Amino acid sequence: MDIKMEMGPGILRRCPCGALTVVLTSKTKENPGRRFYRCGVVFGENHLFKWADEAIVEEIEALAEKQVAIENGMLEIKEQVIEFKKDLTEIVEVIAASSKHLRK
Ligand SMILES: [Zn+2]
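Conventions and cut-offs
- Residues numbered from 1 in each chain as written.
- Predicted model: local features only at pLDDT ≥ 70, side-chain atom pairs only at ≥ 80, totals over all residues.
- Heavy atoms only, no water.
- Donors = N, O, S within 2.8 Å, 3.2 Å for Na, K, Ca; no water.
- Tetrahedral: all angles 85-135°; square planar, octahedral: opposite > 155°, others 65-115°.
- Buried < 20%, exposed > 50% of the residue type's maximum accessible area, 1.4 Å probe, protein only.
- Core = buried A, V, L, I, M, F, W, Y, C linked by side-chain atoms within 4.5 Å.
- Helix = DSSP H or I, 4+ residues; strand = E, 2+ residues; numbered from the N terminus.
- Contact = heavy atoms within 4.5 Å.
- Pairing = 2+ DSSP bridges.
- Axes fitted to C-alpha atoms, helices over the stretch in contact; angles between N-to-C directions.
- Phe/Tyr/Trp six-rings, centres within 6.5 Å; stacked < 30°, edge-to-face > 60°.

Some details on the coordination of the zinc ion
Here's step 1: For the zinc ion, the full set of protein donor atoms is C15 (SG), C17 (SG), C39 (SG) and H47 (ND1), and the range of their distances to it is 2.0 to 2.3 Å.
Here's step 2: In this structure, the zinc ion is surrounded by 4 donor atoms whose angles at the metal cover 105 to 115°, and the resulting shape is tetrahedral.
Here's step 3: Every donor residue of the zinc ion comes from the same chain, spaced as C-x1-C-x21-C-x7-H. Taken individually, C39 and H47 each receive the classification buried, so the pair is uniform in this respect.

Shown next as structure tokens:
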């Protein structure tokens, strides 16, 4: 297979081929003891290989982006709750006013 497969950012549970990834420790002179993720089935081109330290940094960056999105979502919800409370107060006032009319 020579199709270039897209590797997403962060810690990947699966290789683009569909196989689960494994985490191993490098025993090379260049990177002794450095942990890495790789395809659990095929070790080669087009299959996942990623240094764990780099994957973790990417994962944290992706999580930080998600957190910003969640915080923004929360702010929107808070604003909506404030609006709903205002609407509810108005509705209660309208009901109170119309029930006074009915009693007269
Ligand atoms: Zn693979």
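After that view, the rundown keeps rolling.
Remarks on the nonpolar core
Here's step 1: Judged by nonpolar contacts, I11, L12, C15, A19, Y37, C39, L48, A52 and A55 together constitute the single largest core of 9 residues.
Here's step 2: For this core, the secondary structure elements donating two or more residues are strand 2 (35-39) and helix 1 (52-103).
Here's step 3: Setting aside chain neighbours within four positions, we find A55 in contact with G10, I11, Y37 and K50.

Here's the deal with the sheet that holds strand 3 (residues 49-51)
Here's step 1: Strand order in the open sheet formed by 3 strands is 1-2-3, with antiparallel pairing between adjacent strands. Looking along the sheet, the strands with just one partner apiece sit at the ends: strand 1 (21-25) and strand 3. On average, each strand axis in the sheet is inclined to that of its neighbour by 25°, with strand direction left out of account.

Some thoughts on the packing of aromatic side chains
Here the distance between the centres and the angle between the planes together describe a pair of aromatic rings.
Here's step 1: Counted under the stated rule, the structure contains 4 aromatic pairs.
Here's step 2: When the ring of F36 is compared with that of W51, the centres are 5.9 Å apart and the planes differ by 80°; the resulting orientation is edge-to-face. With F36 in strand 2 and W51 in strand 3, this pair connects stretches of sequence that are 15 residues apart.
Here's step 3: On the basis of relative accessibility, which here comes to 9%, the residue F36 falls in the buried class.
Here's step 4: Given a relative accessible area of 16%, W51 falls into the buried group.

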